[in-house]
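# Structural description and commentary
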Amino acid sequence: RGKYMELRQEKFFEDIDQFTNDTEKYSRNIFLGRNDWQKLNELLKTYMGFLRSITKNINFKTAKNSNLHYKVGVSMKSVRVLFPYFYTSIKGFYDEANVFVRNFIELSLVLIDIGYNDKSLIFWKNGKSGEFSSIKNVIKRINKNNGNIPKVDLTAVKYFKDKYNQVSQDFSHELNLQNIEKIFNTDGSIRFSDRADKKFTLMRMKSFQSLILNAISLLIGVTHYSELVNRNLIEYSEATQLRNSYEKLASEFDKLTT
């Protein structure tokens with residue numbers, strides 16, 4: 001990583017605002033030089049397209065009774081938590097932003113658990129004590145239920161477990177000595193915020209895009225979208241375009257890359 005902001009006493013908050021705002025402008029200029037904003041917009045447009053298609057023929061009460069409400073809710077929360085990950089990153093707080101990746105992974109694992117296991121969904125709806133207090137319980141249920149989970153989502157589970165262990169150890173509580181040492185310069189002065197180089201900045205954007213692509217894949221799977229469409233092809237005329245959009249985006253990069 002390149003430039004950084006040193007901790008100073010005079011006009012401290014003004015300095016923070018200036019540096020982090022300039023870092024955001026620097027990041028956005030890098031993205032503008034490529035098609036990253038356009039691709040990001042397509043990803044979000046595709047996610048919302050599937051969401052509208054899935055829910056268009058169902059009201060709130062019916063959605064709750066059919067359990068679709070709970071699956072959609074967890075999916076949307078997982079996407080929502082990615083935005084502070086992105087905005088915190090482009091402001092220069094790269095390590096701190098990884099806490100939100102951990103939240104996204106937890107929500108994604110819960111979505112897989114309740115999406116393919118009716119017993120887990122009952123636990124979730126009733127707020128059964130202990131069943132979701134530890135992600136280890138969720139993973140155990142997923143492992144036992146792997147016969148009912150599509151291969152694409154099982155691949156995601158393996159990735160999420162590995163990534164969860166990494167971010168939990170390295171970033172979630174900032175207890176890693178290496179994370180502490182990063183804030184110091186060689187002369188002992190303190191770095192309050194960072195400004196990454198172009199390569200790292202683009203990698204963080206790719207991470208954001210990839211996680212949204214994962215969210216689309218899980219939403220399609222847990223809501224059994226293909227079955228919904230196949231029961232009434234005429235009613236879901238938008239499905240072909242949505243699938244084509246998703247497949248095009250998925251072909252552009254590995255959706256499990258972060």
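As a reminder, the structure under discussion sits directly above these lines.
Before going into details, it helps to say that this report is about the structure given with it. (Residues numbered from 1 in each chain as written. Predicted model: local features only at pLDDT ≥ 70, side-chain atom pairs only at ≥ 80, totals over all residues. Heavy atoms only, no water.)

### Some thoughts on the overall build of the protein
Quick reminder of the rule: Helix and strand definitions follow DSSP, with helices as H or I runs of at least four residues and strands as E runs of at least two, each counted in order from the N terminus. The buried label applies to any residue whose accessible area, calculated with a 1.4 Å probe on protein chains only, is under 20% of its type's maximum; exposed applies above 50%, and partly exposed to all values in between. The criterion used for residue contact is that any of the two residues' heavy atoms lie within 4.5 Å. Working definition of accessibility: Shrake-Rupley area with a 1.4 Å probe, residue cover restricted to the visible protein chains.
When its secondary structure is counted, the protein shows 13 helices and two strands. Across the 258 residues of the protein, 46% fall into the buried class. At a minimum sequence separation of 6, the contacts of the protein that also span at least 24 residues come to 78%. Of the roughly 14,200 Å² of accessible surface on the protein, 52% is carried by carbon and sulfur atoms.

### Regarding a positive patch on the surface
Counted only if it meets this: Patch members must show over 30% relative accessible area and no salt bridge, and they are joined within 9 Å when carrying like charges or within 5 Å when they are nonpolar side chains of Val, Leu, Ile, Met, Phe, Trp or Tyr. Any carboxyl oxygen of Asp or Glu that lies within 4 Å of a side-chain nitrogen of Lys or Arg is treated as forming a salt bridge with it. Within this scheme the basic residues Lys and Arg register as positive and the acidic residues Asp and Glu register as negative, but His and the chain ends are omitted. A single reference atom marks each charge: NZ on Lys, CZ on Arg, CG on Asp, CD on Glu.
A contiguous patch of positive charge, built from K119, K128, K136, K140 and K144, is present on the exposed surface. Among the structural elements, K119 can be located in helix 7 (residues 118–126). Using a relative accessible area of 56% as the deciding quantity, one classes K119 as exposed.

### Focus: the packing of aromatic side chains
Operational definition: Stacked, edge-to-face and tilted labels apply to pairs of Phe, Tyr and Trp rings (six-membered ring for Trp) whose centres lie within 6.5 Å, assigned for plane angles under 30 degrees, over 60, and everything in between, in that order. For a lysine, the NZ atom is tested; for an arginine, the CZ atom; a charge sits over a ring if that atom is within 6 Å of the ring centre and within 35 degrees of the ring normal.
For the structure on display, the rule yields 12 aromatic pairs. Judged by centre distance (5.3 Å) and plane angle (85 degrees), the ring pair of Y94 and F200 falls under edge-to-face. Here F200 lies in helix 11 (residues 198–222) and Y94 lies in helix 6 (residues 94–116), a separation of 106 residues in the sequence. Exposure class is identical for Y94 and F200. Each is buried. What links up through ring pairs into an aromatic cluster is the set F31, W37, F83, F86, Y87 and F208. Note that R195 overlies the ring of F19, its terminal NZ or CZ placed 4.5 Å from the centroid. Its end group placed over the ring of Y26, R195 keeps NZ or CZ at 5.8 Å from the ring centre.

### Section: unusual backbone geometry
In this model, H224 sits at a positive phi of 55 degrees, which is unusual for a non-glycine residue. Positionally, H224 belongs in the loop between helix 11 and helix 12 (225–231). On the basis of relative accessible area, H224 is assigned to the partly exposed category, the value being 33%.

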